[in-house]
Amino acid sequence: MRWAQLAFVEDDPGNYDQSFWLDYFRRIHADAACLSAGGCVAFYPTQVPLHYRSKWLRDSDTFGDLVKGCRSLGMNVVARTDPHAAHQDVYDTHPDWIAVDASGNKRKHWADPDLWVTCALGPYNFEFMTKVTEEIVSLYQVDGIFSNRWAGSGMCFCEHCRQNFKNFSQMDLPRTLDPQNPARRAYLVWHQQRLFELWRLWDSRIKAINPNAAFLANSGGGALSELDMSVIGQLAPTLFADRQARHGVNPPWTNGKNGKEYRATMGNKPIAGIFSVGLEEEYRWKDSVQSSDEIRLWVADGIAQGLRPWFTKFNAKPIDKRWLPVVAELYQWHFENSAYLRNEKSLANVAMVYSQQTAAFYGGEKAHAKVEDAALGFYQALVEARIPFEMVHDRLLDEEHLASYQTLILPNIAALSTHQCEQLASFVQRGGSLVATFETSLYDEWGVERKDFGLAELFGASFAGRREGPMHNSYLTLEPDPATGRFHPLLAGFEDAARIINGVNRVLVKPLPGSAASPLTVVPSYPDLPMEEVYVRPLSQKDPAVFLREVGKGRVVFFSSDIDRTFWEILAVDHGKLLSNSVRWATRGELPVTVRGKGVLDVAVWMQQRSMTLHLVNLTNPMMMKGPVREIIPISRQAVSIKIPQDKSVANVQLLVAKTKLDFRSSADTVEFEVPGIDLHEVVALDFT
Ligand SMILES: [Zn+2]
């Protein structure tokens, strides 16, 4: 439930205070530890040739002693290895173990010129690190090996990589990042296979020594991550989301998003969220300490979205100690409320699809802008709308994985196979709803453009062969229903607007026969200068901008422009409202919880064995969209109406942070109450009778 990571630095042996840390672990009720053992530097008396021992180690066993101490506290212990860098003697003995750059030079370490970068896909990992791994597990019977930076540091052109890739593909290693280049495509497949081969090798060698232990890769993530999360979900018994703090302009919900992405393929397996107590920026101040409230907010959002906290500290001789009481307070609260944090099921009925294949084969080098930004925009819109939701992996669109959801969101999920499109069609046939944007399904799983959307029939729209953008000064006209003269629920709140701004890019589409009239039509770009020319030109026809369909019991919404991506760029309120309205319409208004009040909240609803919880993380902050939180700004009263699962009734409602009981009203399947105010994070616990 609560992890502590101490990553030793070379001069820690003999120079750090072990009893201080054991006392801290005990006080904060940490029940698992990740401790540095070997790889680049060994912190135990290794016998593996070329396994570099810390110069400070002498006859001691720094790692082993701390393992003993943690075990005496009843903690699980995972050993950390880091194979990405090696010392000069490795280079001298096995020059072929070192990574090679595109010009054929062996790679010096970018941060420490005394070290060399190793090749992850050759004998250094497959042979040498396998021996190191076996030695650590044999000597200490640890519960797992957590390997950091095990998957390489960029492309390697060493003799092994060149030969192995040639054997796989009959091609030379690609010199381009274009995913439509045949060698690059083959490389992406081979690279992944090779890493999973390594994963299986290490895992099997670990299990041969300790059947209860496992290889725990420091890997995983969302659309932009490199290894297929659906395979990781099968291989890993647990995983650690290593997104330690904000970087640049990450909003504080980034940590929760990460939790959702991991859970999408890991299901109910426990997942820890690794957080740093320092700043995680380009300049890598590894001994820094972050503002207390920023640490609190980052961790709270992770906990709300199902991550178990894991703090990481490099250097066992802390210089700036301001973080220690902050983490202690977080962990003590977590310990006291453990029963309410052992989640069994999220009650969200909306989910957003993420697609690594779309990022890799359609996005390529521009994956962030073309793929991730659309997801981030939709994510922000749902947070603002206080709609709880999950993430779904695009390779897990089968009935079982989608069973909990009424609505799936496809934020420019451009690359989908025919099979995946069929799975989405079946989902709609079963009564599910879709909200899709821009180029969703216009490419196959390899990023090759189709003649028409794979989901054209569901959209009720066909690709007209053209795209437009970036468009300046384009709008959407609100169209009342020609039959009733009333506005569609998609336009709720816009009745007095006449028109709103369009996205920045659009695909040109034509309605399929039988499509309903569109409540939004496109006002194409018109000059934005000189001012005398800024008037709307007459239109020969009205182009629909959104397609809304009822398909059996399901509903489908398709926006032909990139309003989710544009929302992330511009954050125009109308786009946010349009996106959340589309989800509400698709979900028929049947959301598991409604929270009314001022402020920005990240909302999650969970079931435990004998209770359910509502997490409300207060993101309201003048600095929310950049993340550098200075202080928490409390928000006022929130009125909550929450649905209770059919076979349950509620005996008691309490606030786990404010530590008070709440009055509540029950009616049919709903419980209503008011939360008087929220500082950072409130967890409302509803105990079942
Ligand atoms: Zn290599």
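Residues numbered from 1 in each chain as written. Predicted model: local features only at pLDDT ≥ 70, side-chain atom pairs only at ≥ 80, totals over all residues. Heavy atoms only, no water.

Visitor: Looking at this model, I keep getting lost on the coordination of the zinc ion. Mind explaining?
Guide: Coordination angles at a metal have ideal targets, namely 109.5 degrees for four tetrahedral donors and 90 or 180 degrees for six octahedral donors. The coordination sphere of the zinc ion contains the protein donors Cys 119 (SG), Cys 156 (SG), Cys 158 (SG) and Cys 161 (SG), at a distance range of 2.2 to 2.3 Å. Metal-centred angles of 104 to 117° between the four donor atoms at the zinc ion mark the site as tetrahedral. Along the chain, the residues donating to the zinc ion are arranged with the sequence spacing C-x36-C-x1-C-x2-C. One end of the pair, Cys 119, is in the loop between β5 (116–117) and α4 (123–140); the other, Cys 158, is in the loop between β6 (144–147) and α5 (159–169), with 39 residues separating them in the sequence. Pair check on accessibility: Cys 119 and Cys 158 agree, each one buried. (Donors = N, O, S within 2.8 Å, 3.2 Å for Na, K, Ca; no water. Tetrahedral: all angles 85-135°; square planar, octahedral: opposite > 155°, others 65-115°. Helix = DSSP H or I, 4+ residues; strand = E, 2+ residues; numbered from the N terminus. Buried < 20%, exposed > 50% of the residue type's maximum accessible area, 1.4 Å probe, protein only.)

Visitor: Help me out: how do you make sense of the sheet that holds strand β11 (residues 345–346) in this one?
Guide: Pairing between the strands of a sheet is mediated by backbone hydrogen bonds and can be parallel or antiparallel. Read from one edge to the other, the open sheet built from six strands follows the order β11-β24-β25-β31-β27-β28, with strand pairing classed as antiparallel. Each end of this open sheet is capped by a strand with a single partner; those strands are β11 and β28 (660–662). The sheet contact formed by strand β27 (residues 650–655) and strand β31 (residues 681–688) spans five bridges and is antiparallel. By the bridge assignment for β31, Val 653 is matched with Leu 686. Against the sheet, helix α9 (residues 292–304) touches β24 (601–607), β25 (611–618) and β31, its axis set at about 150° to β25. (Pairing = 2+ DSSP bridges. Contact = heavy atoms within 4.5 Å. Axes fitted to C-alpha atoms, helices over the stretch in contact; angles between N-to-C directions.)

Visitor: Whenever I open this one, α4 confuses me. Can you help?
Guide: Residues spaced three or four apart along an α-helix point in a common direction, a consequence of the helix completing one turn every 3.6 residues. With 18 residues, α4 extends 25 Å between its outermost C-alpha atoms, agreeing within 8% with the 26 Å of an ideal straight helix rising 1.5 Å per residue. When the local axis directions of α4 are compared, the greatest deviation, roughly 35°, occurs at Met 129. Of all 18 residues making up α4, 13 are buried, and the element is well covered by its neighbours. Looking at the residues trailing α4, positive phi occurs at Gln 141, about 45°. (Expected span 1.5 Å × (residues − 1). Bend = angle between axes of the 7 residues up to and from the residue.)

Visitor: How should the sheet that holds strand β29 (residues 665–667) be read in this particular structure?
Guide: Spatial ordering of the open sheet is given by β23-β26-β30-β29, a layout of four strands whose pairing is antiparallel. Of all the strands in the sheet, just β23 (593–596) and β29 have a single pairing partner and so form its edges. For this sheet the average axis-to-axis angle between neighbouring strands, irrespective of direction, equals 15°. Relative to strand β30 (residues 670–675), strand β26 (residues 638–643) is paired through six bridges, and the arrangement is antiparallel. Bridge assignment links Ala 639 to a residue of β30, and that residue is Glu 674.

Visitor: Help me understand a nonpolar patch on the surface, please; the structure alone is not making it clear to me.
Guide: Residues Leu 529, Met 531 and Val 534 make up a contiguous nonpolar surface patch of roughly 310 Å² in combined accessible area. Its place among the elements puts Val 534 in the loop between β20 (520–523) and β21 (546–551). (Patch = residues over 30% accessible without salt bridge, like charges linked within 9 Å, V, L, I, M, F, W, Y side chains within 5 Å. Areas by Shrake-Rupley, 256 points an atom, 1.4 Å probe, with all protein chains shown as cover. Salt bridge = Lys/Arg side-chain N within 4 Å of Asp/Glu carboxyl O.)

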